[in-house]
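Each chain is listed here by its residues.
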Amino acid sequence: MEAAEDWERSERRRAIHANHGFTSAQVLSGNIGYLRIAEFMEPQASLETATAAMRFVASTRALIFDLRGNPGGYAGIPEYLATYLFAEGPPVLLSTFEYRPEKAAPDKTYTLAAVMGARRAGTPAFVLVDHQTASAAEWFAYTLQAFQKARVVGESSAGGAHSNEYFDLDEGLRLSVSTGVPVSAATGTNWEGTGVVPNIACDPGRAIEVAIQASTGGVTGPDPDGRPQPDGHAQ
């Protein structure tokens, strides 16, 4: 118990130091909202920051979620942010987490009944990823892509779909073990091993530039046969 409490205190300090994972919120030239999310942190503590970030970009004409280098983290905030891009209405089933046999039942993830502030359904949205984007960050990118709420820009992500549970060890340590498999309600599968394949493939270092260009119609999505376009340029 003491080890778990020490770990939780450490996590709270780390989250505060990291602004709960939201390291940048800007309005770029052309009235494009930009949010840099370095990690998805504990949702109850992060909710106020996430809401403030979305309110800051509430009047922008397009949205960029920069998840390059984001290793994932906690569930909760990804679902909350994703909900902003869905229209109001009954909750939408996003994915089902199927667990090891001894766990009673799968967990179903839905859009939330409400968010604080204006929803952004229909707003052009882009999620930037690279090979270090993993876990919960990949869930966010994959889900918005699968439901056609955002286009993914960059390179294929890490390919870590399985969810983890933490187990307490001695010396204040915790062990993270993969215990669940997400199944997208839109595709019937997930990104394990393959990563999230971008709609617009480009050098991750150019992803912001390419997303801005795409938001003005300068870069299209995949070819009709579904292949991502190379380097972010229309063919």
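Every value quoted in this text rests on a predicted model; they were computed, and no experiment measured them.

Draft legend 1. Here's a closer look at helix H4 (residues 135-146). The end-to-end C-alpha distance of H4, which contains twelve residues, comes to 16 Å, matching closely the 16 Å that a straight helix rising 1.5 Å per residue would cover. For H4, the tally of buried residues reaches ten of twelve residues, placing the bulk of the element in the interior. For H4, every residue scored as buried is listed here: Ala136, Ala137, Glu138, Trp139, Phe140, Ala141, Tyr142, Thr143, Leu144 and Gln145. Where H4 terminates, the next one or two residues include Gln148, which has phi positive at roughly 60°.

Draft legend 2. Expanded view of the environment of Leu81. Mapped onto the elements, Leu81 comes out in helix H3 (residues 77-83). Owing to a relative accessible area of 0%, Leu81 belongs among the buried residues under this scheme. In contact with Leu81, other than residues within four places in its own chain, are Phe22, Ile37, Phe40, Ala50, Met54 and Phe140.

Draft legend 3. Focus on the sheet that holds strand S10 (residues 200-201). Judged by pairing direction, the sheet is mixed, and its six strands sit side by side in the order S1-S2-S3-S6-S7-S10 without closing on themselves. Edge strands, defined here as strands with exactly one partner in the open sheet, are strand S1 (22-28) and S10. Relative to strand S3 (residues 62-66), strand S2 (residues 32-37) runs parallel, the two being bridged by five bridges. Bridging across to S3, Ile32 finds its partner in Ala62. In the packing of H4 onto the sheet, contacts are made with S3, strand S6 (125-129) and strand S7 (151-154), and the angle to S6 comes to roughly 145°.

Draft legend 4. Expanded view of the pattern of salt bridges. Counted by the stated rule, this structure contains five salt bridges. A salt bridge links Arg14 to Glu39, with the nearest nitrogen and oxygen atoms 2.9 Å apart. Taken together, the residues span a long stretch of sequence, with Arg14 in helix H1 (residues 2-17) and Glu39 in the loop between S2 and helix H2 (43-56) at a distance of 25 residues. Linked through salt bridges whose partners overlap, the residues forming this network are Glu11, Arg14 and Glu39.

Draft legend 5. Layout of the environment of Ser29. Considering the arrangement of structural elements, one finds Ser29 in the loop between S1 and S2. Note on Ser29: relative accessible area 69%, which makes it exposed. Note: C-alpha distance between Ser29 and Ile212 (183 residues apart in sequence) is 9.0 Å.

Draft legend 6. Layout of the side chain of Thr60. Take Thr60: it is sitting in the loop between H2 and S3. A distance of 3.3 Å separates a polar side-chain atom of Thr60 from the backbone oxygen of Ala62. Those residues in contact with Thr60 that sit more than four places away from it in its chain are Val27, Asn31, Ile32, Gly33 and Arg120.

Draft legend 7. Structural view of the nonpolar core. Ranked by internal contacts, the top residues of the largest apolar core, which has 37 residues, are Phe40, Phe65, Leu81, Val127, Phe140 and Leu144. Elements supplying a minimum of two residues to this core: S2, H2, S3, H3, strand S4 (93-99), S6 and H4. Apart from residues no more than four positions distant in its own chain, Val127 is found in contact with Phe65, Leu67, Phe140, Ala141, Leu144, Ala150, Arg151, Val152 and Val153. Ile32, Phe126, Ile200 and Ala207 belong to the second-largest nonpolar core, a separate cluster that totals 14 residues.

Draft legend 8. Here's a closer look at the pairing of S3. For S3, the tally of buried residues reaches five of five residues, placing the bulk of the element in the interior. Burial of S3 is two-sided: the residues Ala62, Ile64 and Asp66 facing one way and the residues Leu63 and Phe65 facing the other way are all buried. With H2 bridging S2 and its parallel neighbour S3, the resulting β-α-β unit is right-handed. Two elements, S3 and S6, share four bridges in a ladder whose sense is parallel. Within S6, the position partnered with Phe65 by the bridge is Val127.

Reading guide: rules and limits
- Residues numbered from 1 in each chain as written.
- Predicted model: local features only at pLDDT ≥ 70, side-chain atom pairs only at ≥ 80, totals over all residues.
- Heavy atoms only, no water.
- Helix = DSSP H or I, 4+ residues; strand = E, 2+ residues; numbered from the N terminus.
- Expected span 1.5 Å × (residues − 1).
- Buried < 20%, exposed > 50% of the residue type's maximum accessible area, 1.4 Å probe, protein only.
- Contact = heavy atoms within 4.5 Å.
- Pairing = 2+ DSSP bridges.
- Axes fitted to C-alpha atoms, helices over the stretch in contact; angles between N-to-C directions.
- Salt bridge = Lys/Arg side-chain N within 4 Å of Asp/Glu carboxyl O.
- Polar contact = N/O pair within 3.5 Å; in protein donor to acceptor, adjacent residues only side chain to side chain.
- Core = buried A, V, L, I, M, F, W, Y, C linked by side-chain atoms within 4.5 Å.
- Right-handed = clockwise from strand over helix to strand, strands pointing away.

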